[in-house]
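# Examining the three-dimensional arrangement
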Amino acid sequence: MLGVVAQFVAKGRSVNGIPMETALSMRVSPVIGLRFPEHPDRGGMAHQHIGGVRTAGSLVETFDVIDPADGHVVETVDQAGPQDVDRAVAAAAAAFPEWSRATPGERSGALNRLAAILTERAEDYAQLETAQSGKPIKLTREFDVPGSIDNVSFFAGAARNLEGRASTEYDGVHTSVIRREAIGVVGSIAPWNYPLQMAMWKILPAISAGNTIVLKPAEITPLTSLLLADDVARAGIPAGVVNVLTGSGRIAGESLISHDGVRMVSFTGSTAVGQRVMETAARTVKRVHLELGGKAPFLVFDDADLEAAIQGAVAGSLINSGQDCTAATRAYIQRPLYDAFVAGVADLMRTVRLGAPADPSTDLGPLVSFKQQASVAGFVDRARAAGARIVVGGAIPGGVLAKGAYYEPTLVVDAGQQSEIVQDEIFGPVLVVLPFDSDEEGIALANDTPFGLAASAWSRDVFRCLRASREIQAGCVWLNDHIPIVSEMPHGGFKASGFGKDMSQYSFEEYTNVKHISLDITGETHKDWHRTVFGDR
Ligand code: NAD
């Protein structure tokens, strides 16, 4: 950690290689020893990263980033207002001409340098992510951070493979060429459940395709996005290509998506806010990419490997304390396996170790906030009151965990298909199990929510698996597993889970304009088609 602290030592008017708008002193963040620049005029803050400069937000209000493991303040963060959005969009617009004309090799080289820096600092990112979100350190070390670095490496390669088609003369006299062009300034808004990964999923396809970006992370988890913006600059990516604003959805978020200088909005978050984002963006006819909520079904046919399905259901529902848009939330079990599945999941869930996120042996940390804890508890309490049975958990733990935003891993049965706990996104460590009889019924139940982000089907029969993968309406269907993602493959929803793809080459469909170039190959002054205007001359 000492090496890290040294990197942050201010030299004159720059910190960590990032110039400061005013002379700044440094403060050591008490939990993890990382240093953040302090702004003397604003009580020690500079949380806006605009045009390569760390500066303070223009709003008087500040926001406390809270460690949900014990409620202490990790960092007090200044807040961006409309003026900061104006400045960030202007910085991104100014950077666009040069960045969009950089060669694919130059953009790729910068991303490779970024991957190297992140690899060197992986432990700092893991600790900061854990401190601001309550994720167990083993999850941030083994999933969030390496997954993010892999995303960077993937896009370093993908940047050199951006291509349009050079095609043929469809009418015999014009050669058609397809160009893929960067769109301009992208305004991106990210959620809190995977703060670093979501920042990556927004920034990487946008900038590797030649766009510039203004990112607003979730107000409660902005810190790793800011660290990333600093490292983007250290990697030599020009000032203004990546700008990060910390602030509320209502002020900074709305200002960004309604800004005239923003050509595309990329939003990951809840379906309710996504609808509003789309409405707002429609007023200025912006391209919109929405990655919204999920309610993933977990469909187990009666010939499935029961032990594998039990393991998969517990891991797939509890990952990141269930705060995962693809988490297994509704398990549908064909009747012959139902009782054994419920008993097996109950036994395994009871072995999951809730604890301090910093402890490497902790399986499950707190939820991201006390607000989220209250929301999850509300869903379970209402289900219980409506007649559902809580087999495991269903409570806020006491003892040493009472000071954090913890919620017990929870298994619910006997809930109706149309009940709130089956239909709505809970975003907590809660799995609901329901029985089904025929394969057709199971698939129909799996499709019976407004969402369509991800799903899994479990069977030893390849034909059943393939039928299920065809019939289930979701952007990703796992067969005999649930959760793994790879940078090479697209992630994105159907139905109320949104549209457009993150990661993979497919993400370039969102972040580029396709332009048709039509070249006359005749050289003739009098084109054949002119006779429709000039008669027979
Ligand atoms: P949220 O919708 O409450 O907030 C998401 C972001 O939107 C935050 O940065 C917030 O500040 C901002 N925001 C809020 N109101 C806004 C407004 N009016 N205008 C502009 N921005 C606004 O979601 P959350 O609680 O942060 O995250 C959880 C949600 O994200 C879940 O629904 C989850 O399923 C979804 N999610 C989806 C994916 C996916 O890939 N589909 C991935 C991760 C999370």
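Rules and cut-offs
- Numbering of residues begins from 1 in every chain and follows the order in which that chain's sequence is written.
- Confidence filtering applies because this is a predicted model: local features only for residues at pLDDT of at least 70, side-chain atom pairs given and counted only at 80 or more, and all residues used for totals across whole chains, interfaces and linings.
- Only heavy atoms go into the side-chain values, all of them from the structure, while hydrogens and water stay out.
- Here a strand is any run of E in DSSP of at least two residues, a helix any run of H or I of at least four, and the numbering for each starts at the N terminus.
- For the radius of gyration, the atoms used are the C-alpha atoms, and the globule rule reads 2.2 Å times the number of residues raised to 0.38.
- Burial here depends on accessible area, computed with a 1.4 Å probe over protein chains only, as a share of the maximum for the residue type. Under 20% is buried, over 50% is exposed, and the range in between is partly exposed.
- The contact criterion used is simple: two residues touch if any of their non-hydrogen atoms lie within 4.5 Å.
- Here the Shrake-Rupley method, with its probe set to 1.4 Å, supplies the accessible areas, and only the displayed protein chains count as covering residues.
- Only protein atoms enter the 1 Å grid used here. Points where a 1.4 Å probe fits but cannot escape make up a cavity, open sets with protein on both sides within 12 Å along at least five of seven lines make up a pocket, and a residue lines them when an atom lies within 4 Å of a point.
- Grid points are joined across faces, edges and corners, and a volume is the space filled by probe spheres set on the points.
- For this classification, the nonpolar set comprises Ala, Val, Leu, Ile, Met, Phe, Trp, Tyr, Cys and Pro, the charged set comprises Asp, Glu, Lys and Arg, and every other residue, Gly included, is treated as polar.
- When we say a residue is near a molecule or strand, we mean one of its heavy atoms is within 4 Å of it.
- Think of a polar contact as two N or O atoms within 3.5 Å of one another; within protein, one of them needs to be a possible hydrogen donor and the other a possible acceptor, and neighboring residues in sequence only count if both atoms come from side chains.
- What fixes the domain bounds is an automatic or database domain assignment.
- Here's the idea: put two parts together, see how much 1.4 Å probe accessible area each one loses, and the total over both is what we call buried area.
- For salt bridges, the criterion is a side-chain nitrogen of Lys or Arg within 4 Å of an Asp or Glu carboxyl oxygen.
- The criterion for an aromatic pair is that two Phe, Tyr or Trp rings (for Trp, the six-membered ring) have centres within 6.5 Å, with stacked assigned to planes under 30 degrees apart, edge-to-face to planes over 60 apart and tilted to the rest.
- The rule is short: NZ of Lys or CZ of Arg within 6 Å of the ring centre and within 35 degrees of the ring normal puts a charge over the ring.
- Expected span, for any helix, means 1.5 Å times one less than how many residues it has.
- Two axes define the bend at a residue: one fitted to the seven residues ending there, one fitted to the seven starting there, and the bend is the angle between them.

### Brief notes about the overall build of the protein chain
Each helix and strand counted, the protein chain has 17 helices and 25 strands in total. The C-alpha radius of gyration computed for the protein chain amounts to 25 Å, which stays within 12% of the reference 24 Å derived for 537 residues, consistent with globular compactness. Expressed as lengths along the three principal axes of its C-alpha atoms, the size of the protein chain is roughly 80 × 70 × 40 Å. Within the span of the protein chain, comprising 537 residues, buried residues form 56% of the whole. Taking the intrachain contacts of the protein chain between residues at least 6 apart in sequence as the baseline, contacts between residues at least 24 apart amount to 71%. Per element, the accessible surface of the protein chain, about 21000 Å² overall, is 56% carbon and sulfur.

### A look at empty space enclosed by the protein
Summed over all chains, the structure comprises 6 cavities of 30 Å³ or more. Space inside the largest cavity adds up to approximately 110 Å³. Forming the boundary of the largest cavity are Phe143, Tyr194, Gln197, Met198, Trp201, Asp324, Cys325, Thr326, Ile483, Ile485 and His491. Looking at the lining of the largest cavity element by element, the count peaks at 3 residues for helix H6 (residues 195-208). Residues of the lining of the largest cavity, tallied by class, amount to 7 nonpolar, 3 polar and 1 charged.

### Considering the layout of surface pockets
Volume-wise, the largest pocket comes out at about 1100 Å³. Around the largest pocket, the lining comprises 37 residues; the ones closest to its centre are Pro191, Trp192, Gly269, Ser270 and Val273. Of all the elements in the fold, those that place two or more residues in the lining of the largest pocket are helix H8 (249-257), strand E13 (264-268), helix H9 (271-282) and helix H12 (370-385). Of the residues in the lining of the largest pocket, the class split is 18 nonpolar, 11 polar and 8 charged.

### A closer look at the site of the ligand
In the vicinity of the ligand there are 29 residues, among which Glu219, Glu254, Ser270, Leu292 and Glu425 approach most closely. A distance of 2.6 Å is found between an oxygen atom of the ligand and a side-chain nitrogen or oxygen belonging to serine 270. Within the side chain of glutamate 425, an N or O atom sits 2.5 Å from an oxygen atom of the ligand. Across the complex, the protein chains shield 89% of the 850 Å² of accessible surface that the ligand would expose by itself.

### A short note on the environment of glycine 274
As for its placement among the helices and strands, glycine 274 is situated in helix H9. Along the chain, glycine 274 and glutamine 83 lie 191 residues apart, while their C-alpha atoms are 24 Å from each other. Ignoring any residue separated from it by four or fewer positions in sequence, one finds glycine 274 in contact with Phe267, Leu290 and Leu292.

### Describing the domain arrangement of the protein chain
Parsing the protein chain into structural domains produces domain 1 (29-292 + 508-512) and domain 2 (296-479). Computed over C-alpha atoms only, the centres of domain 1 and domain 2 are separated by 31 Å. Each partner contributes residues to the interface: domain 1 has 21 residues there, and domain 2 has 27 residues. Here domain 1 packs against domain 2, burying approximately 1800 Å² in sum over the two surfaces, 61% of which is carbon and sulfur. On the domain 1 side of the interface with domain 2, the three residues burying the most area are Pro68, Lys138 and Trp192, jointly 28% of the side's total. Applying the counting criterion to the domain 1 and domain 2 interface returns 1 salt bridge. Close ionic contact of lysine 138 with aspartate 363 constitutes a salt bridge, the shortest N to O distance being 2.6 Å. The tally of links between domain 1 and domain 2 comes to 7 residue pairs in polar contact (both at pLDDT 80 or more). Of all the elements in the fold, those that place two or more residues in the side of domain 1 that touches domain 2 are helix H4 (122-133) and helix H5 (137-158).

### Here's the deal with the packing of aromatic side chains
For the coordinates displayed, the defined rule picks out 7 aromatic pairs. Aromatic pair phenylalanine 155 and phenylalanine 508: ring centres 5.9 Å apart, planes at 85 degrees, arrangement edge-to-face. A residue pair is termed long-range when its members are at least 10 positions apart, and phenylalanine 155 in helix H5 and phenylalanine 508 in helix H16 (residues 508-511) qualify at 353 residues. Three or more aromatic residues link up through ring pairs in this structure, and these residues are Phe154, Phe155 and Phe508. Taking NZ or CZ as reference, arginine 382 lies 5.1 Å from the ring centre of phenylalanine 379, over its face.

### Thoughts on the pattern of salt bridges
What the rule picks out here adds up to 26 salt bridges. Taking the shortest distance from any N to any O, the salt bridge between arginine 353 and aspartate 363 comes out at 2.9 Å. Of this pair, arginine 353 sits in the loop between helix H11 (335-350) and H12 while aspartate 363 sits in the loop between H11 and H12, and the two are 10 residues apart along the sequence. Assessed through its relative accessible area of 44%, arginine 353 is described here as partly exposed. Judged by relative accessible area, which is 23%, aspartate 363 ranks as partly exposed. Its salt-bridge partner being aspartate 528, residue arginine 531 comes within 2.8 Å of it at the nearest N-O pair. Taken together, the shared-partner salt bridges in this structure form one network comprising Arg121, Asp124, Asp231 and Arg234.

### Details of H5
With 22 residues, H5 extends 30 Å between its outermost C-alpha atoms, agreeing within 8% with the 32 Å of an ideal straight helix rising 1.5 Å per residue. Bending of H5 peaks at approximately 25 degrees at the position of proline 146.

### Some thoughts on the side chain of glutamine 423
Here glutamine 423 shows up in helix H13 (residues 420-423). Of the residues examined, glutamine 423 reaches a relative accessible area of 11% and is grouped as buried. Of the polar contacts made by the side chain of glutamine 423, one reaches the backbone oxygen of glutamine 417; its length is 2.9 Å. Those residues in contact with glutamine 423, other than ones at most four positions away along the chain, are Lys295, Gln417, Gln418, Asp448, Thr449, Pro450 and Phe451.

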